[in-house]
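# Observations on the three-dimensional arrangement
Here's the letter readout for the chains.
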Amino acid sequence: MTAVPPTRPPAPIRAEALEALLTERGLVNADAIDGLINRFVNDVGPMNGAKVVAKAWTDEDYKARLMADGTAAVGEFGFAGPQGEHIVVVENSASSHNVVVCTLCSCYPWPLLGLPPDWYKDPAYRSRVVREPRTVLAEMGLELDADVDVTVWDSSAENRYFILPERPAGTEELSEDDLAALVTREAMVGVAKVSSPT
Ligand code: FE
């Protein structure tokens, strides 16, 4: 855990103070900030990433483009914007598992997944998943066999990693929309797998 002095006000209060100061100085526009927040809370979320995953599962050519240039391939859906400039896609399989973290702060592919969940920003997740990924994943409900390779990807301003999860068994007959409905945010960060439909 990062040591935070107990007297330091929590992040929301500091953010509000910062916004007030920047607005007062004319450096930002409060309406523009509200608009951005609304967009990422209401209009953009993991459903975007799920569409990309379902497309990659059903269209080999699209998958090849996605693996070669994530930013351009998600742009085909119109998914772009802040924190979406350098999307790098990593594929999970039965033998190789990848999980994403931002050890420094909370870099995250906003246009694909919306705003990051609290656990992703938690200092404990950020420091521990690098050192002991299997333990952290098991605590989050994902037990990996000992022979599965685990790689942790550290997101940053240079690269925002996005996981292409493994397509579960029993989904051969599903439509792209039905496949997308199976894909969770957690699977696209690599802390879970996509479950077979029951
Ligand atoms: Fe970050």
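Reading the values: the criteria
- Residues numbered from 1 in each chain as written.
- Predicted model: local features only at pLDDT ≥ 70, side-chain atom pairs only at ≥ 80, totals over all residues.
- Heavy atoms only, no water.
- Helix = DSSP H or I, 4+ residues; strand = E, 2+ residues; numbered from the N terminus.
- Rg over C-alpha atoms; globule rule 2.2 N^0.38 Å.
- Buried < 20%, exposed > 50% of the residue type's maximum accessible area, 1.4 Å probe, protein only.
- Contact = heavy atoms within 4.5 Å.
- Areas by Shrake-Rupley, 256 points an atom, 1.4 Å probe, with all protein chains shown as cover.
- Lys, Arg positive; Asp, Glu negative; His and termini not counted.
- Charge placed at Lys NZ, Arg CZ, Asp CG, Glu CD.
- Polar contact = N/O pair within 3.5 Å; in protein donor to acceptor, adjacent residues only side chain to side chain.

### A look at the overall build of the protein chain
Along the protein chain, the regular secondary structure elements total 11 helices and 4 strands. In terms of overall size, the protein chain behaves like a compact globule, its C-alpha atoms giving a radius of gyration of 18 Å where 198 residues would be expected to give roughly 16 Å. Expressed along its principal axes, the backbone C-alpha trace of the protein chain runs to roughly 55 × 35 × 30 Å. A burial count over the protein chain gives 35% of its 198 residues as buried. Put simply, 69% of the contacts in the protein chain that link residues at least 6 apart link residues at least 24 apart. Of the roughly 11,000 Å² of accessible surface on the protein chain, 54% is carried by carbon and sulfur atoms. For the protein chain, the separation between the mean place of its 17 positive charges and that of its 30 negative charges on side chains is 6 Å.

### Comments concerning the environment of N98
Of note, N98 is situated in strand 2 (residues 96-101). Residue N98 is classed as buried on the basis of its relative accessible area, which comes to 4%. Counting along the chain gives 62 residues from N98 to L36, while the straight-line C-alpha distance between them is 30 Å. Those residues in contact with N98 that lie beyond four places of it in its chain are V90, E91, N92, T151, W153, I163, V189 and G190. There is a polar contact of 3.1 Å between the side chain of N98 and the backbone oxygen of E91.

### Some remarks on the environment of I163
Mapped onto the elements of the fold, I163 is located in strand 4 (residues 160-164). Considering only alpha carbons, one finds I163 and S127, 36 residues apart in sequence, at a separation of 20 Å. Apart from residues lying up to four places away in sequence, I163 is in contact with V53, V90, N92, N98, V99, V100, A187, M188, V189 and G190.

All we've got here are geometric facts, nothing functional implied.
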